[in-house]
Amino acid sequence: MRPENLLLRPTPSQYCTLGCPILDAVLGGGIPCNSITELVSESGCGKTQLSLQLLFTAQLPRHLNGLAGSSLYLYSEFPFPNRRFNQLVESFRSSHPILFASYRDPRDYIFTRDCQTAHDLLDVLLLLESRLKNPKETRLDIKLIVIDSIAALFRSEFENNARDLRRRSSLFFKISSVLKSHANRFGIAIVLTNQVVDSIDNGEGASGVRIGNLERLYTSGRRVCPALGLSWANCINSRLFLSMHEVIEGAENGLPDADYSGFVNRRKRRELHVVFAPHLPYSSCEFVIRKEGVFGVER
Ligand SMILES: Nc1ncnc2c1ncn2[C@@H]1O[C@H](COP(=O)(O)OP(=O)(O)OP(=O)(O)O)[C@@H](O)[C@H]1O
């Protein structure tokens, strides 16, 4: 491939809204179809919350920037977040009362399946192909696949030796090639979550190679890098980093002072950053997680 050919590559034409115009604007319209998007963060930052939200927004009609389809949620961290899921069902229903009247349950358009190992995931993805080919027959018109989380699948199965690392990389490439094939053939948006590990190298990422827009990734005061390393980074199209930092409201006004009551408001400030994406420049925004879902914060 020559550099100028990159300019000829078609940009993604279809996006799945995240259900918030601020988040969509940061992502140039939402999560792209025909593509693999990774959400990476430390635990508790909001990867699962965003992923669950997408299961609902994918059902929205095209004129509302949805994909007018069903979604498949493959989870490897147990248990399935039932309580939160049902809370989002209610929230989604009340924000779209006409689309989701009482006779149409958004749950009917969400398929879930647990995956215990990376091989298990590969089997599920291979099995899916025949179903995706006949969406009418199987009533499985899937337009979004979420894998939450990819890192958990590789956590216990592989040792840290050369042979296992080679086996692991080979499995990364098999999984990503099946995902890319499904994404391209069936116009599906693929979202997967990944975890971070503490970064202990001397400044250029775990392998000495800077990946993406940000020189360093920080969250909760720690320098981190995405789990699964460089070979996995080559298996995805876009990487979005979610960070979290504790902020003390009022501290900027010089508290504690004479009126100091002893109460300060500590809150988590969460941000979403585009680490790399073939169709996007660097961009970021703050976001909050509420009972109703995940929303960007206007600057
Ligand atoms: N109903 C709710 N209202 C407000 N915030 C909530 C609600 N439910 C969850 N949260 C927030 O979401 C956070 C958990 O986010 P989430 O489960 O998406 O994290 P994660 O990045 O997927 O973590 P892990 O890697 O451990 O799976 C909680 O710490 C809480 O702050």
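Right, let's walk through the structure included here. Keep in mind the model is a prediction, meaning the values are calculated, not measured.

### Some thoughts on the side chain of Asp 120
And step 1. Turning to its location among the elements, Asp 120 is positioned in helix α5 (residues 118–133).
And step 2. For Asp 120, a relative accessible area of 17% gives the class buried.
And step 3. Polar side-chain contacts of Asp 120 include one of 2.9 Å to the backbone nitrogen of Gln 116.
And step 4. Beyond its immediate chain neighbours, meaning those up to four positions away, Asp 120 contacts Arg 113, Asp 114 and Cys 115.

### Brief notes about the packing of aromatic side chains
And step 1. One pass over the structure, following the stated rule, counts 11 aromatic pairs.
And step 2. Between Phe 56 and Phe 85, the aromatic rings sit 5.5 Å apart at their centres with planes inclined by 35°, giving tilted as the arrangement. Here Phe 56 is found in helix α3 (residues 47–57), whereas its partner Phe 85 is found in helix α4 (residues 82–95), with 29 residues between them in sequence.
And step 3. Look at Phe 56 and you get buried, because its relative accessible area is 2%.
And step 4. Centroid distance Phe 154 to Phe 172: 4.8 Å. Interplanar angle 75°. Geometry classified as edge-to-face. Of this pair, Phe 154 sits in helix α7 (residues 150–155) while Phe 172 sits in helix α8 (residues 162–186); the two residues are 18 residues apart in sequence, bridging distant segments of the chain.
And step 5. Exposure remark for Phe 154: the relative accessible area of 3% places this residue in the buried category.
And step 6. One aromatic cluster is present, built from ring pairs that chain together Phe 56, Tyr 73, Tyr 75, Phe 78, Phe 80, Phe 85, Phe 92 and Phe 100.
And step 7. For Arg 104, the ring lying beneath its charged end belongs to Tyr 109, and the centroid distance is 4.3 Å.

### What about the nonpolar core?
General note: in soluble globular proteins, nonpolar side chains tend to be found buried as a group.
And step 1. Counting residues in each nonpolar core, the largest one holds 43 residues, and the members touching the most others are Leu 74, Leu 121, Ile 145, Ile 150, Phe 154 and Ile 175.
And step 2. Listed by contribution, the elements that provide at least two residues to this core are β3 (35–41), β4 (70–75), α5, β6 (142–148), α7, α8, β7 (189–198) and β11 (265–276).
And step 3. Beyond its immediate chain neighbours, meaning those up to four positions away, Phe 154 contacts Ala 118, Arg 168, Leu 171, Phe 172, Ile 175 and Leu 228.
And step 4. Core analysis: the second largest hydrophobic core is formed by 41 residues, Ala 58, Tyr 75, Val 89 and Phe 287 among them.

### Topic: the site of the ligand
And step 1. Around the ligand, a shell composed of 17 residues is seen, among which Ser 43, Gly 44, Lys 47, Thr 48 and Gln 49 lie nearest.
And step 2. In this structure, Gln 87 approaches the ligand through a side-chain N or O atom, which is 3.0 Å from a nitrogen atom.
And step 3. Note that an oxygen atom of the ligand is positioned 3.3 Å from one of the side-chain N or O atoms of Arg 270.
And step 4. Burial of the ligand by the protein chains amounts to 67% of its free accessible area of 650 Å².
And step 5. With 3 residues, the single largest contributor to the shell around the ligand is α3.

### Details of the environment of Asp 198
And step 1. Relative to the elements of secondary structure, Asp 198 occurs in strand β7.
And step 2. Since its relative accessible area comes to 45%, Asp 198 is described here as partly exposed.
And step 3. For the pair Asp 198 and Arg 223, spaced 25 residues apart in sequence, the C-alpha to C-alpha distance is 6.0 Å.
And step 4. Other than its neighbours up to four places away in sequence, Asp 198 contacts Arg 222, Arg 223 and Val 224.
And step 5. At a separation of 2.8 Å, a polar atom in the side chain of Asp 198 contacts the side chain of Arg 222.

### A look at the side chain of Gln 49
And step 1. With respect to the helices, strands and loops of the structure, Gln 49 is situated in helix α3.
And step 2. When near neighbours in sequence (up to four residues on either side) are disregarded, Gln 49 contacts Arg 84, Ile 289 and Val 294.

### Observations concerning the packing of α3 against α4
And step 1. For the pair α3 and α4, the least separation of the axes is 10 Å and the interaxial angle reads 45°. With respect to α4, the element α3 is oriented oblique. Regarding α3 and α4, the two cross each other, and that crossing is right-handed. Together, Gln 49, Leu 52, Gln 53, Leu 55, Phe 56 and Thr 57 of α3 and Arg 84, Phe 85, Leu 88, Val 89 and Phe 92 of α4 make up the contact between the two elements.
And step 2. Tallied by class, residues from the contact of α3 with α4 come to 7 nonpolar, 3 polar and 1 charged.

### What to know about α3
And step 1. Counting buried positions over the 11 residues of α3 gives 10, a clear majority of the element.
And step 2. Every buried residue of α3 is accounted for by Lys 47, Gln 49, Leu 50, Ser 51, Leu 52, Gln 53, Leu 54, Leu 55, Phe 56 and Thr 57.

### Some details on the pairing of strand β12 (residues 284–290)
And step 1. Judged from the 4 bridges that link them, β11 and β12 form a sheet pairing that is antiparallel. Pairing of Leu 272 across the sheet is with Cys 285, part of β12.
And step 2. Summarising the sheet, β12 and strand β13 (residues 293–297) pair through 5 bridges and their orientation is antiparallel. Paired with Glu 286 across the bridge in β13 is Val 297.

Cut-offs applied
- Residues numbered from 1 in each chain as written.
- Predicted model: local features only at pLDDT ≥ 70, side-chain atom pairs only at ≥ 80, totals over all residues.
- Heavy atoms only, no water.
- Helix = DSSP H or I, 4+ residues; strand = E, 2+ residues; numbered from the N terminus.
- Buried < 20%, exposed > 50% of the residue type's maximum accessible area, 1.4 Å probe, protein only.
- Polar contact = N/O pair within 3.5 Å; in protein donor to acceptor, adjacent residues only side chain to side chain.
- Contact = heavy atoms within 4.5 Å.
- Phe/Tyr/Trp six-rings, centres within 6.5 Å; stacked < 30°, edge-to-face > 60°.
- Lys NZ or Arg CZ within 6 Å of the ring centre and 35° of its normal.
- Core = buried A, V, L, I, M, F, W, Y, C linked by side-chain atoms within 4.5 Å.
- Near = heavy atom within 4 Å.
- Areas by Shrake-Rupley, 256 points an atom, 1.4 Å probe, with all protein chains shown as cover.
- Axes fitted to C-alpha atoms, helices over the stretch in contact; angles between N-to-C directions.
- Parallel < 35°, antiparallel > 145°, perpendicular 65-115°, else oblique.
- Left-handed = near helix turned anticlockwise from the far one by under 90°.
- Nonpolar A, V, L, I, M, F, W, Y, C, P; charged D, E, K, R; others polar.
- Pairing = 2+ DSSP bridges.

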